[in-house]
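This is what each chain is made of:
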Amino acid sequence: MRKNCSNIEARYASVMPDPNSSMPTSILDLQAVTRQFQAADAPAVAAVSLSLKQGDLLALLGPSGCGKTTLLRLIAGFEQPQSGTIAIAQQPVAGSGQWVPPEKRGIGMVFQDYALFPHLTVAQNIAFGLHKRQKASQKPTQWIQQRVEETLHLVGLSQLESRYPHQLSGGQQQRVALARALAPYPLLVLLDEPLSNLDVQVRLRLRQELRTILKAAGTSAILVTHDQEEALSIADRVAVMRQGHIEQEGTPEALYAHPTSPFVAEFVAQANLLPAQRSGNHWQTDLGALPLHQVNAPPAAATLTVMVRQEDLRLQPDSTSPFVICDRQFLGREYRYSLTSPTGKTWVARTGLDTNLAIGTAVKVAIVAQPLNTFATP
């Protein structure tokens, strides 16, 4: 794997962003951006504010219908906000009486279906749109040919310039779409679920390659995805969206370790959320009593919700235990167990391969992490 990464970095060594362009520290700024399609409906994007630094990769993560694609289209210029402002490279492009069309925003776009022109070759697809970026000191065809060769080399498709899209695999089409987006030296690249049409193995390989290419180029990018693992592995920062709002924004590590809401805890960390009630020196939960020092709770709290990650549960066979394994999934490197408690609720645990338990086994459950994050009871 390291060898593959080194090859990508080496390909990019001579393919740098346009040296004639000076980049501001902040490449994108949104202030209270709102987009509502029907007056009777809730806004698809509601008062969203965010900032993206030059060279950073941001993932917009959330379930279907949360507003992430609409937000991407607002940044691209395919939709206009009812309120709020959008600035790219510190230049206003939407809001406060400003409106810059998509083709003049300096944005590269990679669509979910790649949107390659079927009647054009790989080289012709990449060259599309380069004519306006020609350098005055060079003949147009000379500069375009050079740039096409650079981006083909960058994405590892130097020998496929004469092929047509239907002659390429899905992964190759994705890289052609990325090369076309990068060719005009964009200020910002937007990617709308670019890996969703690929099979699992190709997606796993290309998501690391995608990050390596974008980071080596120093190109800022925003990726839309509903796959939390994809977002955490590719992005420098992740914005989790829910019902048109940004629920939480931060580094992948921060979101996973310290979610600020039950929604983020479940969607990003896939955590168990245990209702808890204080009783003397313990918190009573459906998985047993927890000592006060194991729970990060306000001193005056009497009830709360405790977050327990699936990997923080330890299972041990115990015929006297009321907890029973009702489902088991083998995931290659680990097992995923579903447990039923005496109250009828189901909880999920992930364990290593050294814990191999059959469905129907009664197990003792221990929570090993501390202190556990908590949320106020609704």
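Residues numbered from 1 in each chain as written. Predicted model: local features only at pLDDT ≥ 70, side-chain atom pairs only at ≥ 80, totals over all residues. Heavy atoms only, no water.

J.: Can you tell me about the overall build of the protein, naming the residues and giving the values?
T.: In terms of regular secondary structure, the protein is built from 9 helices and 21 strands. Within the protein, buried positions represent 48% of all 378 residues. When contacts within the protein are restricted to residue pairs at least 6 apart in sequence, those whose partners lie at least 24 apart make up 66%. (Helix = DSSP H or I, 4+ residues; strand = E, 2+ residues; numbered from the N terminus. Buried < 20%, exposed > 50% of the residue type's maximum accessible area, 1.4 Å probe, protein only. Contact = heavy atoms within 4.5 Å.)

J.: Any details on the sheet that holds strand β12 (residues 272-279)? Residues and values, ideally.
T.: Judged by pairing direction, the sheet is antiparallel, and its 5 strands sit side by side in the order β14-β13-β12-β15-β21 without closing on themselves. Sheet topology places β14 (288-291) and β21 (374-376) at the edges, where each strand pairs with a single neighbour. Between one strand and the next, the sheet's axes are offset by a mean angle of 35°, whatever the strand orientation. (Pairing = 2+ DSSP bridges. Axes fitted to C-alpha atoms, helices over the stretch in contact; angles between N-to-C directions.)

J.: Explain the sheet that holds strand β20 (residues 362-367) to me, and be specific about the residues and the numbers.
T.: The 5 strands lie next to each other as β16-β20-β17-β18-β19, forming an open sheet whose pairing is antiparallel. Because the sheet does not close on itself, it has two edges, and the strands there are β16 (313-317) and β19 (346-351). Here the average twist between neighbouring strands, direction ignored, is 40°. In this sheet, strand β18 (residues 335-340) lies alongside strand β17 (residues 323-330) in antiparallel orientation, the contact comprising 6 bridges. Within β18, the residue paired with arginine 328 across the bridge is tyrosine 337.

J.: Explain the pattern of salt bridges to me, and be specific about the residues and the numbers.
T.: Across all of its chains, the model carries 11 salt bridges by this definition. The partner of glutamate 79 in a salt bridge is arginine 35, and the shortest N-O contact between them spans 3.2 Å. One end of the pair, glutamate 79, is in the loop between α2 (68-76) and β4 (83-88); the other, arginine 35, is in strand β1 (residues 26-35), with 44 residues separating them in the sequence. A single burial state applies to glutamate 79 and to arginine 35, both of which are buried. The residue glutamate 249 makes a salt bridge to arginine 237 at a minimum N-O spacing of 2.6 Å. (Salt bridge = Lys/Arg side-chain N within 4 Å of Asp/Glu carboxyl O.)

J.: Break down the nonpolar core for me, citing the residues and quoting the values.
T.: Formed by 36 residues in total, the largest nonpolar core has its most connected members in Ile126, Leu178, Leu191 and Leu214. Secondary structure elements with two or more residues in this core: α3 (122-127), α4 (140-154), α5 (170-182), β8 (188-192), α6 (200-217) and β9 (220-225). For this core, the leading source of residues is α5, giving 6 residues. Those residues within four positions of leucine 178 in sequence are excluded, and the remaining contacts are Val110, Leu191, Leu210, Ile213 and Leu214. In this structure, Leu52, Leu58, Cys66 and Ala76 belong to the second largest nonpolar core, which totals 30 residues. (Core = buried A, V, L, I, M, F, W, Y, C linked by side-chain atoms within 4.5 Å.)

J.: Tell me about empty space enclosed by the protein, residues and numbers included.
T.: Inspection of the entire model under this criterion finds 1 cavity of 30 Å³ or more. For the largest cavity, the calculated volume is near 50 Å³. Residue assignment for the lining of the largest cavity shows that the elements contributing at least two residues are β3 (57-61), α6 and β9. Broken down by class, the residue content of the lining of the largest cavity amounts to 11 nonpolar, no polar and no charged. (1 Å grid on protein atoms, 1.4 Å probe; cavity = no way out; pocket = protein on both sides within 12 Å on 5 of 7 lines; lining within 4 Å. Points joined across faces, edges and corners; volume = space filled by probe spheres on them. Nonpolar A, V, L, I, M, F, W, Y, C, P; charged D, E, K, R; others polar.)

J.: Which residues make up the packing of aromatic side chains, and what values go with them?
T.: According to the stated counting rule, one finds 5 aromatic pairs in the structure shown. Ring geometry for phenylalanine 117 versus phenylalanine 128: centroids 4.6 Å apart, planes at 50°, classification tilted. With phenylalanine 117 in the loop between β7 (107-110) and α3 and phenylalanine 128 in the loop between α3 and α4, this pair connects stretches of sequence that are 11 residues apart. Judged by its relative accessible area of 26%, phenylalanine 117 is partly exposed. Note on phenylalanine 330 and tyrosine 335: the rings are 5.5 Å apart at their centroids and 50° apart in plane angle, and the pair reads as tilted. Counting every residue linked through ring pairs, the aromatic cluster contains Phe330, Tyr335 and Tyr337. Lying across the ring of tryptophan 99, arginine 105 places its NZ or CZ 4.7 Å from the centre. (Phe/Tyr/Trp six-rings, centres within 6.5 Å; stacked < 30°, edge-to-face > 60°. Lys NZ or Arg CZ within 6 Å of the ring centre and 35° of its normal.)

J.: Now, about the environment of lysine 215: what can you tell me, with residues and values included?
T.: Relative to the helices and strands, lysine 215 resides in helix α6. Assessed through its relative accessible area of 33%, lysine 215 is described here as partly exposed. Each C-alpha atom of the pair lysine 215 and glycine 352 lies 33 Å from the other, and the pair is 137 residues apart in sequence. When neighbours within four sequence positions are excluded, lysine 215 is seen to be in contact with Gly55, Asp56, Leu57 and Asp236. A polar side-chain atom of lysine 215 sits 3.2 Å from the main-chain carbonyl oxygen of glycine 55. (Polar contact = N/O pair within 3.5 Å; in protein donor to acceptor, adjacent residues only side chain to side chain.)

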